[in-house]
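Chain by chain, the residues:
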Amino acid sequence: MKIGYSCVDITPDLGVELSGYGWFPGRKAERVLDSLYARAVAFEDEDNNKSMLLINCDLVAIDRSITDIVKQQISDELGIDKASIMIVCTHTHTGPATGKLIGCGEPDEKYLDSLPELLVNAGKMAYGDLRDVRQAKSIVRSIEPIGFNRVLRSDGPVDNNVRGIAFYFDEGRPLALVSYGCHPVTLGPVRDISADFPGRMVKALNKEGFDAVFLTGFCGDIDPVSNLKKWGSGTSEVIDEYGKRIADGFIRGLSGCEPMGDLHLDAFDINIKLKLQQYNHEDIDKYVEYFSQKKDENPGLYRVSQIWAEEIKRQLKENADPYIESLTIQVFRIGDVVLVGFPGEIFTMLGTIVKEAVPHMNIITIGNANTSMRYIPTRDDIENKGYAGFLSCLLYLKLPLEPGEGERMAEMVAKVLKERL
């Protein structure tokens, strides 16, 4: 097997609105705390005529339209099947608006126009850097928690495992793919451009002699522990410490690992239909009226509710089946390691269902893959009309999921993985 790596600067100009916090905050970038990058990893198995490409971006999310452009152009130029190209985001909340999050930062059209070419170049550069893999090691290592369950607090699940894979070559630096599940919201709604702790983890591994990519695990219900003291109170020093903690856990995990014997590649999709709650026009108007009563204290939220109501009514009118939503989960296998990319913000317990289904493999569940459609929470959050289960639907212009749909999705993915792997 051969692997190539590239890194392209995608830092926007100062003055762009930063994304990740509502409602219509007008939060424009005033300085660069650290640069943002797109990092691409190309995988090639000549013996089995299989190629895969992973592009990871220091962005909150990417709109599907951008993903489609990038995949099509790379497929046309390099001959790679689009189903073998995965584009993921670290989900930093101190980057530009690049996904469809209403009221969370206005997109900069100049930046959006420039982004596809940058990502295509990252992919092409990775294929220009292909090297023979001498050995690879898969690791799962528990660390002192960086995240806590922001929904259920001490009663909620948290996955404190660092998961990843290290590739070693006869020449050049080794490459580390590392994952941990926590929202990159350490710094809060500052006006700084930053990759938050994922970027600092990469820097920490760079100092240890690795090229590195951070893959954000399921974190729909996970915030940094610094938020327990005061929300958004993290500093540059805090994200440094978090990044180093993850990097150290990864390196310590490598010390006891035997090289993997099997490095064959596989890529496939899992298509699922989710059931949505069947709101009618009266239900929609009821919620807009509710937010209108609070518009003096939160005018931005009321404005978002109006936009949401108009869009949902359009969907009810124009969609053939407005109470069904389709999503595609993308799977990359590299030997004993499996990257499972979900197009949204997923709760921790749903990832646990998937991982426990195939315990003999290192299953790395990744959020915000190829796009970010919505939050996918557990049953209780939907029934309780929590932020993820209800309020976030306004940002994503979606109807809420039926309770239990997240669990059903996870079980369907688990079933396919058990059968295929």
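Just so it is clear, the structure is predicted and the values come from calculations on it, not from any experiment.

What counts, and at which threshold
- Residues numbered from 1 in each chain as written.
- Predicted model: local features only at pLDDT ≥ 70, side-chain atom pairs only at ≥ 80, totals over all residues.
- Heavy atoms only, no water.
- Core = buried A, V, L, I, M, F, W, Y, C linked by side-chain atoms within 4.5 Å.
- Buried < 20%, exposed > 50% of the residue type's maximum accessible area, 1.4 Å probe, protein only.
- Helix = DSSP H or I, 4+ residues; strand = E, 2+ residues; numbered from the N terminus.
- Contact = heavy atoms within 4.5 Å.
- Pairing = 2+ DSSP bridges.
- Axes fitted to C-alpha atoms, helices over the stretch in contact; angles between N-to-C directions.

(A) Main features of the nonpolar core. Counting residues in hydrophobic clusters, the biggest one holds 53 residues, and the most contacted among them are W308, I329, V340, F342, M409, V413 and L417. A total of seven residues in this core trace back to one element, the largest contributor, which is helix α6 (residues 299-318). Not counting residues within four places of it along the chain, the set of residues in contact with F342 comprises F218, I329, V354, T365, I366, G367, N368, A369, M409 and V413.

(B) Spotlight on the pairing of strand β11 (residues 175-180). Buried residues dominate β11, accounting for six of its six residues. Residue alternation in β11 divides its side chains into two sets, L175, L177 and S179 and A176, V178 and Y180, and both sets are buried. Once strand β10 (residues 161-169) ends, the chain turns through five residues before running back antiparallel as β11, passing G172 with a positive phi of about 90°. Alignment of β11 against strand β13 (residues 211-216), held across six bridges, turns out to be parallel. Paired with Y180 across the bridge in β13 is T216.

(C) The arrangement of the sheet that holds strand β4 (residues 37-45) in detail. The strand order across the open sheet built from eight strands is β6-β5-β4-β1-β8-β10-β11-β13, with neighbouring strands paired in mixed fashion. Strands with a single pairing partner mark the edges of an open sheet, and in this sheet they are β6 (85-89) and β13. The sheet shows a mean angle of 25° between the axes of neighbouring strands, taken without regard to direction. Alignment of strand β1 (residues 2-9) against strand β8 (residues 131-142), held across two bridges, turns out to be antiparallel. What sits directly across from I3, in β8, is R131. Here helix α3 (residues 196-207) sits on the sheet and contacts β4, β11 and β13; the angle it forms with β13, its principal contact strand, is near 155°.

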